[in-house]
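Okay, here's what each chain looks like letter by letter:
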Amino acid sequence: MAIGDGTLVDDSGYGDTSPDAERVQMAILRSLPVWRRLAQADQLYELTTALALADLRRRHPRAGETDLRRLLAKRRRAGAAPASERA
């Protein structure tokens, strides 16, 4: 969960990174050129896609690639929906 200042915290209210370390991380990220931040975002997207597809393959071992991509799209749409609309 993110709070107003952009700090990430878990449900207990404590983050997994100390405030000092987080300040250093944010300063480093802000100093990167835009193209590098976009490249990192792209890498993160590719990683999460690969992990999600691996999970779907484990859950649906007989599904083909087209079906897996369809399930992935459905999962992503469900994750983007407000909690009240998720089934």
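Here's a quick rundown of the structure. (Residues numbered from 1 in each chain as written. Predicted model: local features only at pLDDT ≥ 70, side-chain atom pairs only at ≥ 80, totals over all residues. Heavy atoms only, no water.)

**Concerning the overall build of the chain**
Here comes step 1: When you go through the chain residue by residue, the secondary structure sums to 3 helices and 0 strands.
Here comes step 2: Helices and strands in the chain line up, N terminus first, as α-α-α.
Here comes step 3: Within the chain, the fraction of its 87 residues that count as buried is 13%.
Here comes step 4: Long-range pairs, those at least 24 residues apart, make up 8% of the contacts in the chain with a sequence separation of at least 6. (Helix = DSSP H or I, 4+ residues; strand = E, 2+ residues; numbered from the N terminus. Buried < 20%, exposed > 50% of the residue type's maximum accessible area, 1.4 Å probe, protein only. Contact = heavy atoms within 4.5 Å.)

**Topic: the nonpolar core**
Here comes step 1: In terms of nonpolar packing, the biggest core is built from 5 residues, these being Ala-52, Leu-53, Leu-56, Leu-68 and Leu-72.
Here comes step 2: The set of elements that each furnish at least two residues to this core consists of α2 (34-59) and α3 (65-80).
Here comes step 3: Among the elements that make up this core, the one with the highest residue count is α2 (3 residues).
Here comes step 4: Contact partners of Ala-52, with chain neighbours within four places excluded, come to Leu-72 and Arg-75. (Core = buried A, V, L, I, M, F, W, Y, C linked by side-chain atoms within 4.5 Å.)

**With respect to the pattern of salt bridges**
Here comes step 1: Using the criterion set out here, one finds 7 salt bridges in the structure.
Here comes step 2: Here Arg-59 makes a salt bridge to Asp-55, at a shortest N to O gap of 2.9 Å. You can see Arg-59 and its partner Asp-55 sitting in helix α2, 4 residues apart, about one turn around the helix.
Here comes step 3: The class for Arg-59 is exposed, based on a relative accessible area of 52%.
Here comes step 4: In this structure, Arg-70 and Asp-67 form a salt bridge, with 3.0 Å as the shortest nitrogen-oxygen distance. Of this pair, Arg-70 and Asp-67 both sit in helix α3, 3 residues apart, which is roughly one turn of that helix.
Here comes step 5: Take Arg-70: its relative accessible area is 51%, and that puts it in the exposed class. (Salt bridge = Lys/Arg side-chain N within 4 Å of Asp/Glu carboxyl O.)

**Topic: the environment of Arg-76**
Here comes step 1: Within the fold, Arg-76 resides in helix α3.
Here comes step 2: Note on Arg-76: relative accessible area 32%, which makes it partly exposed.
Here comes step 3: Separated by 27 residues in sequence, Arg-76 and Thr-49 place their C-alpha atoms 9.9 Å apart.

**Here we look at the packing of α2 against α3**
Here comes step 1: Running from N to C, α2 and α3 point in directions that differ by 115°, and their axes come no closer than 10 Å. Overall, the two elements α2 and α3 adopt an arrangement that is roughly perpendicular. In this structure, α2 crosses over α3, and the sense of that crossing is right-handed. Residue-level inspection shows Tyr-45, Thr-48, Thr-49, Ala-52, Leu-53, Asp-55, Leu-56, Arg-57 and Arg-59 of α2 in contact with α3, the latter providing Glu-65, Leu-68, Arg-69, Leu-71, Leu-72, Arg-75 and Arg-76. (Axes fitted to C-alpha atoms, helices over the stretch in contact; angles between N-to-C directions. Parallel < 35°, antiparallel > 145°, perpendicular 65-115°, else oblique. Left-handed = near helix turned anticlockwise from the far one by under 90°.)

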